[in-house]
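As a plain string of letters, each chain reads:
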Number of protein chains: 2
Amino acid sequence: MNYKLTIAYDGTRYRGWQRLGDSGQTIQGKIEAVLSRMEGRTVEISGSGRTDAGAHAMGQVATVQLSGDRGPKEIKDYVNFYLPEDIGILSVEEAPPRFHARLSSSWKTYRYRIWMSSQPCIFERKYCYCPERIPDAEIMREAAQQFLGTHDFRAFHTGKTKKSTVRTIYSIELLQVGPELQIFFTGDGFLYNMVRIMVGTLLEIGWGDRPAKDIARLLTQQERAQAGFTAPPQGLCLMEVVYL
Amino acid sequence: MNYKLTIAYDGTRYRGWQRLGDSGQTIQGKIEAVLSRMEGRTVEISGSGRTDAGAHAMGQVATVQLSGDRGPKEIKDYVNFYLPEDIGILSVEEAPPRFHARLSSSWKTYRYRIWMSSQPCIFERKYCYCPERIPDAEIMREAAQQFLGTHDFRAFHTGKTKKSTVRTIYSIELLQVGPELQIFFTGDGFLYNMVRIMVGTLLEIGWGDRPAKDIARLLTQQERAQAGFTAPPQGLCLMEVVYL
C-alpha cells in the first residue's frame with residue numbers, strides 16, 4: 001500500500017531532511033527508524049524535497065510503501081508516539097500506487113520570516129532571522145516582482161548541477177505580521193538554497209546595499225557570486241506542497 | 001539613580017527568576033552578572049516577583065540602582081548585547097527614587113496556554129501545556145468565575161507561609177486562539193504556584209474529573225490536597241505588571 005504522509009518539524013536540532021549515511025540526526029532518518037520498527041523491516045520514505053539543516057516544515061509531504069496491516073489513523077498514532085517531540089505526522093492518507101511526493105507535486109510554498117524590530121527577538125529566535133539592520137519592506141516588495149515567472153535561477157543556487165536550473169515562481173507575497181516580515185514564495189520547484197539566496201538578495205536591496213533593479217540583471221547574468229548572501233536557515237519553513 | 005527594567009525571557013533553560021546562591025542559571029543571576037560587569041561592582045536587582053523554573057515572561061519588571069553614567073538607551077543596548085539570546089531587556093526607564101518593582105505594583109497579568117488539538121504540538125511545545133485529553137473550554141470558563149474577587153487562596157498555593165494568603169483576582173479571560181486555549185489571570189498578586197494550581201483545577205473540571213462548583217468549596221475549605229494538580233510551568237508567562 002502507498003501512503004501519503006504530511007509532516008511538521010522544528011528543524012533546529014537536525015542536519016536537514018535527507019538521511020545521511022548512519023547519522024540519525026535527520027528528519028527522514030528519524031521517521032524511517034520509527035516506520036521500520038513498526039513494520040519489522042527497513043522502510044524508506046521519499047520526501048517532496050530536501051530541507052536544509054536548521055530549516056522547518058509545517059507541511060512537508062513524503063510517500064511510503066507499507067504493509068497495510070494498520071489503518072491510517074493507527075499508523076499516525078504509532079509514529080507520533082515514538083517520534084521526538086519536534087517532529088510530528090499531521091496526516092496519513094492512502095494514496096494511488098503511482099502517487100509520489102516529489103514527482104507528483106504541482107507547486108510548493110515556502111515562508112521566510114524576518115524580525116523587523118529593534119527589540120530583542122526572544123520567543124521567535126529559532127524561527128526568524130533577526131538582522132542587525134531593519135530593511136525597507138516596501139523596496140523589497142517591489143524588487144521581488146522581478147522573480148515572478150519562468151527564469152533560469154542558476155545565480156540563486158548553491159553547488160553545481162547538470163539538471164535544469166529553470167524554475168517558475170507563481171507568487172511572492174510579503175506580509176507584515178506584528179514585528180515580522182513574512183515572505184511567502186510559491187513555485188513549481190526550488191533549487192538547493194534558492195529561497196535563502198533570493199531572501200539574502202532581497203535583504204541587500206532592502207538595506208540599500210544593492211540597486212532594486214539588480215534581480216533582473218542577476219537572472220540574465222546567472223552568476224552565483226553576483227547574487228546576495230544565503231539568508232540563515234532558521235527563518236525558512238516549507239509550508240505546503242500542492243498536488244492537483 | 002533608580003531604573004525600571006522591563007524584561008522578556010524564554011524560561012526553558014533556567015531555574016526560574018530568583019538568583020540561587022552561586023548558580024548562574026537563573027534569570028535574575030544572568031541580568032545581575034551583566035549589570036555588575038557594566039558598573040564594575042556587584043549590582044542587585046529587585047523583580048516584581050519570582051517566576052518558576054521553565055516559566056516565561058513577556059513583561060517582567062525589575063528595579064535597580066545604577067551610577068547614572070549611561071543613559072537608558074545605552075544601558076539597554078549594553079545589557080542586551082551581553083545577555084544570552086533567550087533573555088532580553090525591552091525597556092530601561094528612569095524611575096522615582098521610591099519606585100520598587102514589587103512594592104509599587106498595582107496588578108499583574110499571567111497567561112497560561114493549553115494546546116487543544118489532537119495534532120502534535122511541534123512549534124509551541126515549549127510554550128504550551130499539551131494535555132493528553134482535550135478539556136471542555138466552556139465548562140472551564142464558567143467554573144473560572146468562582147475565582148473572581150477577594151479570597152483566601154491557601155488551597156491554591158505550594159508550601160507554607162506565615163504571610164497572608166488572601167489575594168484579589170480582578171479578571172480571568174479564556175480565549176480560543178487557533179488550536180490553543182489561552183487563559184489570562186489578572187490580580188493584585190499571586191502566591192507561589194497559584195496560577196498553575198488554578199489551571200490544574202480548571203483542567204480537572206474541564207475533563208469532567210471534578211464538579212464545576214468545586215472551586216467555591218476549595219476556597220472555603222482551604223486545603224491544598226483537595227485542589228487540582230500543578231499544571232506544568234512551560235504554559236505559564238508573566239505578561240504585564242501594571243503600576244498606577
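The shown structure was predicted, so the numbers you read here are calculated from the model rather than taken from an experiment.

Student: For this particular structure, what's the right way to read the relation of the copies chain B and chain A?
Tutor: Superposition of the two copies of the chain requires a rotation about an axis together with a shift along that axis. Overlaying chain B on chain A yields an RMSD of 0.0 Å, the required transformation being a rotation through 180 degrees with an accompanying axial translation of 0.0 Å. Expressed as a symmetry operation, the mapping of one chain copy onto the other fits a two-fold axis. In this assembly the copies share their binding face: 100% of the residues contributing to the interface of chain B also contribute to that of chain A.

Student: Explanation requested: the pairing of strand E9 (residues 236–242) of chain B in the structure shown.
Tutor: Consecutive side chains along a regular strand alternate between the two faces of the sheet. All names here are of chain B. Burial within E9 is extensive, with five of its seven residues counted as buried. When strand E3 (residues 56–65) meets E9, the two strands line up parallel, connected through two bridges. Paired with Ala57 across the two strands is Leu238, which belongs to E9. Pairing of strand E5 (residues 107–115) with E9, which is carried by six bridges, proceeds in the antiparallel orientation. Bridge pairing in E9 links Trp107 to Val242.

Student: I'm lost on the side chain of Arg113 of chain B in this one. Help?
Tutor: All names here are of chain B. Note that Arg113 resides in strand E5. The buried category is assigned to Arg113, whose relative accessible area is 11%. There is a polar contact of 2.8 Å between the side chain of Arg113 and the side chain of Glu124. Setting aside residues no more than four positions away along its own chain, Arg113 makes contact with Glu124, Tyr127, Cys128, Tyr129, Glu180, Leu181, Gln182 and Gly235.

Student: Would you mind showing me how to read the interface of chain B and chain A here?
Tutor: Bring the parts together and some accessible area is lost; that lost area is often taken as the interface size. Chain B puts 22 residues into the contact, and the matching count from chain A is 22 residues. Contact between chain B and chain A buries roughly 1600 Å² in total, counting both sides, with carbon and sulfur atoms accounting for 61%. Sorting the residues of chain B by area buried against chain A places Ile122, Phe123 and Arg125 of chain B first, and these three jointly supply 38% of that buried surface. Taken together, chain B and chain A are joined by four salt bridges. Ionic pairing is found between Asp10 of chain A and Arg125 of chain B, a salt bridge with its closest N-O pair at 3.2 Å. Inspection of the chain B/chain A interface yields six residue pairs in polar contact (both at pLDDT 80 or more). The dominant element in the side of chain B that touches chain A, judged by the number of residues it contributes, is strand E4 (residues 87–95) of chain B, at four residues. Class assignment for the residues of the side of chain B that touches chain A results in twelve nonpolar, four polar and six charged.

Student: Sorry, what's going on with unusual backbone geometry here?
Tutor: Glycine aside, a negative phi is what most residues show, and trans is what most peptide bonds show. Even without being a glycine, Gln222 of chain A presents a positive backbone phi close to 60 degrees. Relative to the helices and strands, Gln222 of chain A is located in the loop between helix H5 (214–221) and strand E9 (236–242).

Student: Before we go on, may I ask you to explain the packing of aromatic side chains in this structure?
Tutor: The way to describe two aromatic rings as a pair is by their centre distance and the angle between their planes. The full count for this structure, using the stated rule, is 24 aromatic pairs over all chains. Here the aromatic rings of Trp107 of chain A and Tyr170 of chain A are separated by 6.4 Å at their centres, their planes lie at 75 degrees, and the arrangement is edge-to-face. Of this pair, Trp107 of chain A sits in strand E5 (residues 107–115) while Tyr170 of chain A sits in strand E7 (residues 166–177), and the two are 63 residues apart along the sequence. Since its relative accessible area comes to 29%, Trp107 of chain A is described here as partly exposed. Seen in terms of ring centroids, Phe147 of chain B and Phe156 of chain B are 5.1 Å apart; in terms of plane orientation they differ by 80 degrees. Their pairing is edge-to-face. Take Phe147 of chain B and Phe156 of chain B: they sit in the same class, and that class is buried. Put simply, the rings of Tyr78, Phe81 and Tyr82 of chain A pair up and form one aromatic cluster.

Student: Could you clarify how one ought to interpret the confidence of the model for chain A in this entry?
Tutor: In low-pLDDT regions, the fine details of the predicted coordinates are not to be read closely. Summarising the model, chain A shows a mean pLDDT of 96, and 100% of its residues fall at 70 or more. Across the predicted assembly, pTM comes out at 0.92 and ipTM at 0.87.

Student: What is the right way to read the environment of Ala8 of chain B from this model?
Tutor: Relative to the helices and strands, Ala8 of chain B is located in strand E1 (residues 2–9). Overall, Ala8 of chain B belongs to the buried group, its relative accessible area being 5%. Leaving out residues up to four positions away in the same chain, Ala8 of chain B has contacts with Ile122 of chain A together with Ala57, Met58, Asp86, Ile87, Gly88 and Leu90 of chain B.

Student: Sorry if this is basic, but what is going on with helix H5 (residues 214–221) of chain B here?
Tutor: Residues spaced three or four apart along an α-helix point in a common direction, a consequence of the helix completing one turn every 3.6 residues. All names here are of chain B. By the burial criterion, the buried members of H5 are Asp214, Ile215, Leu218 and Leu219. Around the axis of H5, the buried residues are gathered within 135 degrees of arc, so they sit on the same side. Along its buried surface, H5 packs onto helix H3 (137–144), strand E6 (149–152) and helix H4 (194–206). Within two residues after H5, Gln222 carries a phi angle of roughly 60 degrees, on the positive side.

What counts and how
Residues numbered from 1 in each chain as written. Chains lettered and ligands numbered in written order. Predicted model: local features only at pLDDT ≥ 70, side-chain atom pairs only at ≥ 80, totals over all residues. Heavy atoms only, no water. Least-squares fit on C-alpha atoms with pLDDT ≥ 70 in both. Contact = heavy atoms within 4.5 Å. Buried < 20%, exposed > 50% of the residue type's maximum accessible area, 1.4 Å probe, protein only. Helix = DSSP H or I, 4+ residues; strand = E, 2+ residues; numbered from the N terminus. Pairing = 2+ DSSP bridges. Polar contact = N/O pair within 3.5 Å; in protein donor to acceptor, adjacent residues only side chain to side chain. Buried area = accessible area lost by both parts, 1.4 Å probe. Salt bridge = Lys/Arg side-chain N within 4 Å of Asp/Glu carboxyl O. Nonpolar A, V, L, I, M, F, W, Y, C, P; charged D, E, K, R; others polar. Phe/Tyr/Trp six-rings, centres within 6.5 Å; stacked < 30°, edge-to-face > 60°. pLDDT = per-residue confidence, 0-100. Arc of directions from axis to C-beta.

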